[in-house]
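For reference, the chains in residue letters:
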Amino acid sequence: MKVPKTHPRYTSLTIRNKLVEGVKKGITSKHGLIAHGRGEAFDYLIGEKTNIKAKKAIERAAKLLLKAKHPVISVNGNSAALVPKELVQLSKLIPAKLEVNIFHSSKKRELKIKKELIRNGAKEVLLPQKNCKIKHLDSNRKYVNKEGIYKADVVFVPLEDGDRTEALIKNKKKVIVIDLNPMSRSAQKATITIVDNIVRAVPLLIEKVKQYKN
Ligand code: PTJ
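About the thresholds
- Residues numbered from 1 in each chain as written.
- Predicted model: local features only at pLDDT ≥ 70, side-chain atom pairs only at ≥ 80, totals over all residues.
- Heavy atoms only, no water.
- Near = heavy atom within 4 Å.
- Polar contact = N/O pair within 3.5 Å; in protein donor to acceptor, adjacent residues only side chain to side chain.
- 1 Å grid on protein atoms, 1.4 Å probe; cavity = no way out; pocket = protein on both sides within 12 Å on 5 of 7 lines; lining within 4 Å.
- Sits in = over half its atoms within 2 Å of the grid points.
- Helix = DSSP H or I, 4+ residues; strand = E, 2+ residues; numbered from the N terminus.
- Nonpolar A, V, L, I, M, F, W, Y, C, P; charged D, E, K, R; others polar.
- Contact = heavy atoms within 4.5 Å.
- Expected span 1.5 Å × (residues − 1).
- Buried < 20%, exposed > 50% of the residue type's maximum accessible area, 1.4 Å probe, protein only.
- Pairing = 2+ DSSP bridges.
- Right-handed = clockwise from strand over helix to strand, strands pointing away.
- Salt bridge = Lys/Arg side-chain N within 4 Å of Asp/Glu carboxyl O.
- Points joined across faces, edges and corners; volume = space filled by probe spheres on them.

Asks: Break down the site of the ligand for me, with residues and values.
Replies: Surveying the vicinity of the ligand reveals 24 residues, the closest of which are Phe103, His104, Arg109, Asp161 and Asp179. Asn197 has a polar side-chain atom sitting 2.9 Å from a nitrogen atom of the ligand. With respect to the pocket detection grid, the ligand is positioned in the largest pocket. Per-element accounting of the shell around the ligand gives the leading share, six residues, to helix α2 (residues 30–45). Considering only residue class, the shell around the ligand consists of seven nonpolar, 10 polar and seven charged.

So, in structure tokens, the structure goes:
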């Protein structure tokens, strides 16, 4: 759907289009549309702007990612539809590995997300392995890659449901989360929580990483 630039909700409707496209391409799950709706509601309440607390959290996140020995960016169906290019750019800058990790189990979707990241410039994208699991987690998210999340010290989770952050922390990892809902389990349990929309927060994180690297 083409959104007229003059529409008062232009940005929001354009973001929705990306997710609908993600579903059509087989990257995003249908549940991802519902998840986005929840995020949108919180974004509306915070005025669809990055607030000062989020900016501070982004600064701390950039520092933690740059200090990490083995940082990994975890990518699901929503983040792959909304910020694929930015996640690839961030992974190259830090540098950090990119690993696909989805809640709604689908081998086909994992491969499509990987392909999308490669289309956006990624050289390497890790996939979960059935013989490699993290502890304290029962959902499909428990499967990880031996060279990625399994041995990571810092995991960046742009947005997801709340079953994994706590488990990653119990597995002795530091977790950076972006979540528009400050009351979600992910937001409450993470080492660093950025309460903002990933479409705004990830570009700001890229800028901070560039600045600190210089
Ligand atoms: O691709 P999969 O199978 O891994 O599934 C991904 C989703 C997102 C569907 C899955 O993880 C899920 O169901 O998540 P939830 O439980 O709906 O939680 C998503 C969280 O992200 C909620 O707290 C939303 O408020 C928040 N959120 C949604 N869109 C955004 C967001 N936070 C930041 N930026 C957004 N654009």
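Asks: Can you explain the side chain of Asp196? Please cite residues and give values.
Replies: Examined against the element boundaries, Asp196 turns out to sit in the loop between β5 (192–194) and α9 (198–213). A polar contact is formed between the side chain of Asp196 and the side chain of Thr50, at a distance of 2.7 Å. Polar side-chain contacts of Asp196 include one of 2.6 Å to the side chain of Arg200. With sequence-adjacent residues up to four places away left out, Asp196 is seen in contact with Ile46, Lys49, Thr50, Ala54, Ile178, Asp179, Leu180 and Ala201.

Asks: I'd like to hear about helix α6 (residues 107–119), residue by residue, with values.
Replies: For α6, with 13 residues, the first-to-last C-alpha span of 18 Å sits near the 18 Å given by 1.5 Å per residue. Following α6 by one or two positions, Gly121 adopts a phi angle in the positive range, close to 110°.

Asks: Go over the pairing of strand β3 (residues 154–157) with me, naming the residues and quoting the values.
Replies: Both faces of β3 are covered, namely the face carrying Val154 and Phe156 and the face carrying Val155 and Val157. Pairing geometry for strand β1 (residues 71–75) and β3, over three bridges, is parallel. Within the sheet, the bridge partner assigned to Pro71 lies in β3 and is Val154. Where β3 meets strand β4 (residues 174–178), four bridges bridge the pair, whose relative direction is parallel. Among the inter-strand pairings, Val154 is bridged to a residue of β4, identified as Lys174. Handedness of the crossover joining β3 and β4 through helix α7 (residues 165–170) is recorded here as right-handed.

Asks: Give me the pattern of salt bridges: which residues, what numbers.
Replies: In the structure shown here, the tally under the stated rule is 18 salt bridges. Glu116 is paired through a salt bridge with Lys25; the nearest N and O atoms lie 3.3 Å apart. Of this pair, Glu116 sits in helix α6 while Lys25 sits in helix α1 (residues 10–25), and the two are 91 residues apart along the sequence. According to the relative accessible area criterion, Lys25 is partly exposed, its value standing at 38%. Among the charged side chains, a network of salt bridges with common partners joins Arg141, Glu160, Asp161, Asp163 and Arg164.

Asks: How would you explain the layout of surface pockets if you had to name every residue and give the values?
Replies: The volume enclosed by the largest pocket comes to roughly 620 Å³. Forming the boundary of the largest pocket are 32 residues, of which Ala35, Arg38, Leu159, Glu160 and Asp161 lie nearest the centre. Elements with a contribution of two residues or more to the lining of the largest pocket: α2 and α4 (77–82). Top element by residues in the lining of the largest pocket is α2. It accounts for eight residues.

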